Amino acid sequence: MKPKRENDNLVDHEEGLDSESKRRKVVEESSPSPPPIPIANPLAGLANYDDDDEEDENQWRRAEESSDRRVEQNGNGGDQQEDEEDEDEHEQGYSQGKRSREVERRRDCPYLDTVNRQVLDFDFEKFCSVSLSNLNVYACLVCGKYYQGRGKKSHAYTHSLEAGHHVYINLRTEQVYCLPDGYEIDDPSLDDIRHVLSPRFTKEIVEQLDKNKQWSRALDGSDYLPGMVGLNNIKETDFVNVIIQSLMRVTPLRNFFLIPENYKHSKSLLVHRFGELTRKIWHSRNFKGQVSPHEFLQAVMKASKKRFRIGAQSDPVEFMSWLLNTLHSDLKTKKNKSIIYDCFQGELEVVKEIHNKALTEKKEYGNDQNAVSKHTGGGTELEAAVTETSRMPFLMLGLDLPPPPLFQDVMEKNIIPQVPLFNILKKFDGETVTEVVRPRIARMRYHVTRLPQYVILHMRRFTKNNFFVEKNPTLVNFPVKNLELKDYIPLPTPKENEKLRSKYDLIANIVHDGKPDEGFYRVFVQRKSEELWYEMQDLHVSETLPQMVALSETYMQIYEQQQ
């Protein structure tokens, strides 16, 4: 028990309290307090760079003490009242599950003229340049570097004191702050930076993209066409760049990814990174005339488990197949539908004939109903033909090129053969037989039963064996406009009130140049607003003639169905 004089002082100090608070205080003072229970903190010893500075206080103690102090609002001075306001804010944050505090908003920041838009680049991953953390990252608008937090112990706060850089933008919330003062800057002159950080599109803007003929101007004075910007080749990533540029010409796919609300339900990082890259390519207010797909490539490496990675050349056909299937699986609904299948999915009827020759000692005659016996000089041999018919969906069609000539001509130069596209399309007429070896020897016949809105064709130009990769140099002659498939592929009759749409126009043509292991990829794409063709190779974008598109060693094509 405490002495009487100390208890009197306690009663005098608690004069302003009500009877309930007084009784609780006396009981707490008189009873011995239990020893605190130690709680293991897995984050002990780690630096915390949250925006709040008061992080060492326990949340439950804040709420308990602030409820008592609110009763004493009239008994203390101005300093005590300010402390109560802080505690009220902490209690409010505690009740909401997070801490929050009022931040002063000002429009008259004296450091706005230090913002340097020339050094801002938001294409790279949002990591602190010091701690390498991706939590609560701010970009310095003076030097362009990324730092974590804005509290008094944070890297951004330290950088503001050391370098004298005072304007920072939160890369997630897009709020701009002045450090070390800590107030928020509310100035409309910073909206262009927010638009570059996160480009925005409305449905009205999206619908007019294919009609827009206006050029845009970057900060360095260079002109660029929205949607026709170059992509940075980080390190042997041209196989990714040509696929991205080709998919940007697929109008429904592009329109879908330009509006984030269409895929906000998806938790896939690859989906959101592809959407961000799409919006940056088609944004008309960029600071630069090119875009770096760095964040998208990081998401590709993670989603593909480093099957496709920076610094290792890969096949665009394999990457296209993986990307479309992965995006579909991340976006599909319960009915197994997605924007990927809506654009690219067609249907094939596959007839497989498996011939199995075996001697009579190894296989009995009655085991196969379709077996046909034939007599040879050495005895009776069985030729079993099993026919299987199935229907399967497809996202792209592979075309076989005729083998190149083995011998040189009189001038001692190899003749580069040419083949019309219609000849190799006969593979899908339902009658032409294709011999396959894997997984077992069989004779295949393919028949297209449903055409997609966008047809992806790829020419099997590379063959691999145990020693090296060989490239087939055969040129394919194809039309740029009005490819009529029904003349070469028998198509099923359409249903009532439906029109058979079998005419296609080329919108993208991927080309491989050079040797099989040392070559590079470029792509020809069409700009719909003016029906002009552009050749794109990483950062280089130049206008070209339609006649030049068909003079190259085409590797993959995307055709759009005429409506």
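Residues numbered from 1 in each chain as written. Predicted model: local features only at pLDDT ≥ 70, side-chain atom pairs only at ≥ 80, totals over all residues. Heavy atoms only, no water.

Draft legend 1. Broad picture of the pairing of strand β2 (residues 137-140). On β2, burial covers both faces: Val 137 and Ala 139 on one face and Tyr 138 and Cys 140 on the other are all buried. Bridging between β2 and strand β3 (residues 146-148) involves 3 bridges; their strand directions are antiparallel. Each bridged residue has a counterpart across the sheet, and for Tyr 138 the counterpart in β3 is Tyr 147. Remark: 5 residues form the turn of the hairpin made by β2 and β3, two consecutive strands paired antiparallel; Gly 144 in that turn has positive phi of roughly 85°. As defined by bridge partners, β2 adjoins strand β4 (residues 167-170) across 3 bridges and the pair is classed as antiparallel. Bridge pairing in β4 links Tyr 138 to Asn 170. (Buried < 20%, exposed > 50% of the residue type's maximum accessible area, 1.4 Å probe, protein only. Helix = DSSP H or I, 4+ residues; strand = E, 2+ residues; numbered from the N terminus. Pairing = 2+ DSSP bridges.)

Draft legend 2. Focus on the packing of aromatic side chains. All chains considered together, the criterion is met by 16 aromatic pairs. Measuring from ring centre to ring centre gives 5.3 Å for Phe 308 and Phe 319, while their planes differ by 80°; the resulting arrangement is edge-to-face. Here Phe 308, found in the loop between α11 (294-303) and α12 (316-331), pairs with Phe 319, found in helix α12; they are 11 residues apart in sequence, far enough to count as distant. Judged by relative accessible area, Phe 308 falls into the buried class, the value being 3%. Geometrically, the ring pair formed by Phe 422 and Tyr 488 is stacked, given 4.1 Å between the ring centres and 15° between the ring planes. Residue Phe 422 is located in helix α14 (residues 421-425), and its partner Tyr 488 is located in the loop between β22 (483-484) and β23 (503-513); the two are separated by 66 residues in the primary sequence. Taking the relative accessible area as the measure of exposure, Phe 422 reaches 23% and is therefore partly exposed. (Phe/Tyr/Trp six-rings, centres within 6.5 Å; stacked < 30°, edge-to-face > 60°.)

Draft legend 3. Fine view of the packing of helix α9 (residues 251-258) against helix α10 (residues 269-281). In contact at an axis separation of 8 Å, α9 and α10 are set at 100° when each is read in the N-to-C sense. The orientation of α9 relative to α10 falls into the category roughly perpendicular. Within the contact between the two elements, α9 uses Arg 254, Phe 257 and Leu 258 and α10 uses Val 271, Phe 274, Gly 275, Thr 278 and Arg 279. A class-by-class count of the residues in the contact of α9 with α10 yields 4 nonpolar, 2 polar and 2 charged. (Axes fitted to C-alpha atoms, helices over the stretch in contact; angles between N-to-C directions. Parallel < 35°, antiparallel > 145°, perpendicular 65-115°, else oblique. Contact = heavy atoms within 4.5 Å. Nonpolar A, V, L, I, M, F, W, Y, C, P; charged D, E, K, R; others polar.)

Draft legend 4. Broad picture of α9. The buried fraction of α9 amounts to 6 of the 8 residues, a majority that puts the element mostly inside the structure. Every buried residue of α9 is listed here: Thr 251, Leu 253, Arg 254, Phe 256, Phe 257 and Leu 258.

Draft legend 5. How the structure looks around the environment of Gly 514. Residue placement: Gly 514 occurs in the loop between β23 and β24 (520-527). Taking the C-alpha atoms as reference, Gly 514 lies 9.9 Å from Glu 553; in sequence the two are 39 residues apart. Not counting residues up to four positions away in its chain, the partners in contact with Gly 514 are Lys 471 and Gly 519.

No statement about biological role is implied by the geometric values presented.
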